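Fold and geometry: a report
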Amino acid sequence: RHGERWELQLKGSGKTPYSRNGDGRAVLRSSVREFLCSEAMHYLGIPTSRAASLVVSDDDVWRDQFYNGNINKERGAIVLCLAKSWFRIGSLEILAHSGELDLQRRLLDFIIQEHFPSIAMNDSNRYLEFFSTVVSETANLIALWMSVGFAHGVCNTDNFSLLSVTIDYGPFGFMDSYDPNFVPNTSDDERRYKIGNQANVGLFNLSKLLQALKPLLDTRQKQLASQILEGYGERYYIRFTELFKTKLGLLGENEDDSYLIAFLLKVSLLC
């Protein structure tokens, strides 16, 4: 009724053409967590997919919850998730990897036309502008995650939205107390996706996006895109600082603000 378009996704309904040797099912406990967290994130003001409904299934699902060899029978469920788009960095990455550049260009033009109205389709720099927007909004999203102590758990390129919204809630978690080494994913033995590394992983994923876009860019655009990527860290730091200054009620600009934020985080770590 608001003239908006939403894409629907059934999570846990079974195998899809893209299943990776899994049964495509979801268990009730993880489905309830996804429903509650995605709605909570929305009302926290963090860009996210939404949950419209949850249906309990009659099917039994077998899962090793803690990856320790103990497989148990659990109740299945299906969540109806909504997002403006489910296209991810991986959606472009896989096409570039397989050399399907014509399809990649068509898909990218579709995404820009549908979801990036500020970018003119007849602009020869539209892919560069698209990349710049994704870099900026990804930095903003991860800073927002950090402002509420949210750890996604699996920050690979297939779980990073091109629209910079939080998608694919799996082994996520919220810190009970400040700990940059917090890992909600029990299978992440290398702690790659620990909460303190999320900004760095964001940079890694954006570098993969740039690598996928390079066949569609000319020499000058490639150089400019690299410069845009180099500015990701500063953009993240600025947004992170803004959010924490708001939390502390700091007004105006003071060169000691960043020191105070870092000091308080360190104090929190020691408590």
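For clarity, every value in this text was computed on a predicted model and none was experimentally measured.

Basis of the calculations
Residues numbered from 1 in each chain as written. Predicted model: local features only at pLDDT ≥ 70, side-chain atom pairs only at ≥ 80, totals over all residues. Heavy atoms only, no water. Domains from an automatic or database assignment. Contact = heavy atoms within 4.5 Å. Buried area = accessible area lost by both parts, 1.4 Å probe. Salt bridge = Lys/Arg side-chain N within 4 Å of Asp/Glu carboxyl O. Polar contact = N/O pair within 3.5 Å; in protein donor to acceptor, adjacent residues only side chain to side chain. Helix = DSSP H or I, 4+ residues; strand = E, 2+ residues; numbered from the N terminus. Nonpolar A, V, L, I, M, F, W, Y, C, P; charged D, E, K, R; others polar. Patch = residues over 30% accessible without salt bridge, like charges linked within 9 Å, V, L, I, M, F, W, Y side chains within 5 Å. Areas by Shrake-Rupley, 256 points an atom, 1.4 Å probe, with all protein chains shown as cover. Buried < 20%, exposed > 50% of the residue type's maximum accessible area, 1.4 Å probe, protein only. Phe/Tyr/Trp six-rings, centres within 6.5 Å; stacked < 30°, edge-to-face > 60°. Lys NZ or Arg CZ within 6 Å of the ring centre and 35° of its normal. Pairing = 2+ DSSP bridges. Axes fitted to C-alpha atoms, helices over the stretch in contact; angles between N-to-C directions.

**Observations regarding the domain arrangement of the protein**
Structurally, the protein comprises domain 1 (7–83) and domain 2 (89–247). Here the C-alpha centroids of domain 1 and domain 2 sit 23 Å apart. Between domain 1 and domain 2, the residue contacts involve 15 residues of the former and 16 residues of the latter. In total, domain 1 and domain 2 occlude about 1300 Å² of area from one another, counting both sides; carbon and sulfur atoms represent 62% of this. Run the count over domain 1 and domain 2 and you get 0 salt bridges. For the interface between domain 1 and domain 2, the tally reads 7 residue pairs in polar contact (both at pLDDT 80 or more). Among the elements that make up the side of domain 1 that touches domain 2, the one with the highest residue count is helix H1 (residues 28–43) (5 residues). In terms of residue class, the side of domain 1 that touches domain 2 is built from 7 nonpolar, 5 polar and 3 charged.

**Here we look at a nonpolar patch on the surface**
Taken together, Leu248, Tyr259, Leu260, Phe263, Leu264 and Val267 make up a surface patch of nonpolar side chains, about 510 Å² in accessible area. With 5 residues, helix H8 (residues 257–270) is the largest single contributor of residues to the nonpolar patch. Mapped onto the elements, phenylalanine 263 comes out in helix H8. Looking at phenylalanine 263, the relative accessible area reads 43%, which means it is partly exposed.

**Topic: the packing of aromatic side chains**
What describes a pair of aromatic rings is the distance from one ring centre to the other and the angle between the planes of the rings. One pass over the full model with this rule turns up 11 aromatic pairs. Ring geometry for phenylalanine 150 against tyrosine 169: centres 6.0 Å apart, planes inclined by 65 degrees, an arrangement best described as edge-to-face. Of the two residues, phenylalanine 150 is situated in strand E4 (residues 150–151) and tyrosine 169 in the loop between E4 and strand E5 (173–174); the sequence distance between them amounts to 19 residues. Here phenylalanine 150 matches tyrosine 169 in class, with each residue buried. Judged by centre distance (5.7 Å) and plane angle (85 degrees), the rings of tyrosine 169 and phenylalanine 172 are edge-to-face. The class for phenylalanine 172 is buried, based on a relative accessible area of 9%. A connected cluster of aromatic rings, assembled from ring pairs, spans Trp145, Phe150, Phe160, Tyr169, Phe172 and Phe174. Above the face of the phenylalanine 172 ring, arginine 33 is positioned so that its terminal group lies 4.0 Å from the ring centre. For the cation-ring pair, arginine 126 lies above tyrosine 127, with the distance from its terminal atom to the ring centre recorded as 4.7 Å.

**Here's the deal with the environment of glutamate 74**
Note on placement: glutamate 74 falls in strand E3 (residues 72–83). Judged by its relative accessible area of 16%, glutamate 74 falls in the buried class. Distance in space between the C-alpha atoms of glutamate 74 and glutamate 7 is 29 Å, their sequence separation being 67 residues. Not counting residues up to four positions away in its chain, the partners in contact with glutamate 74 are Val27, Arg29, Asp59, Asp60, Val61 and Arg63. Among the polar contacts made by the side chain of glutamate 74, one reaches the side chain of arginine 29 at a distance of 2.7 Å.

**Structural notes on the sheet that holds strand E2 (residues 50–63)**
The strand order across the open sheet built from 3 strands is E1-E3-E2, with neighbouring strands paired in antiparallel fashion. Whereas interior strands pair on both sides, the edge strands pair on one side only; in this sheet they are strand E1 (7–11) and E2. Pairwise comparison of adjacent strand axes, ignoring direction, gives a mean angle of 15 degrees for this sheet. Taken together, the 5 bridges between E1 and E3 define a ladder with antiparallel strand orientation. Considered in E3, the bridge of lysine 11 is made with valine 79.

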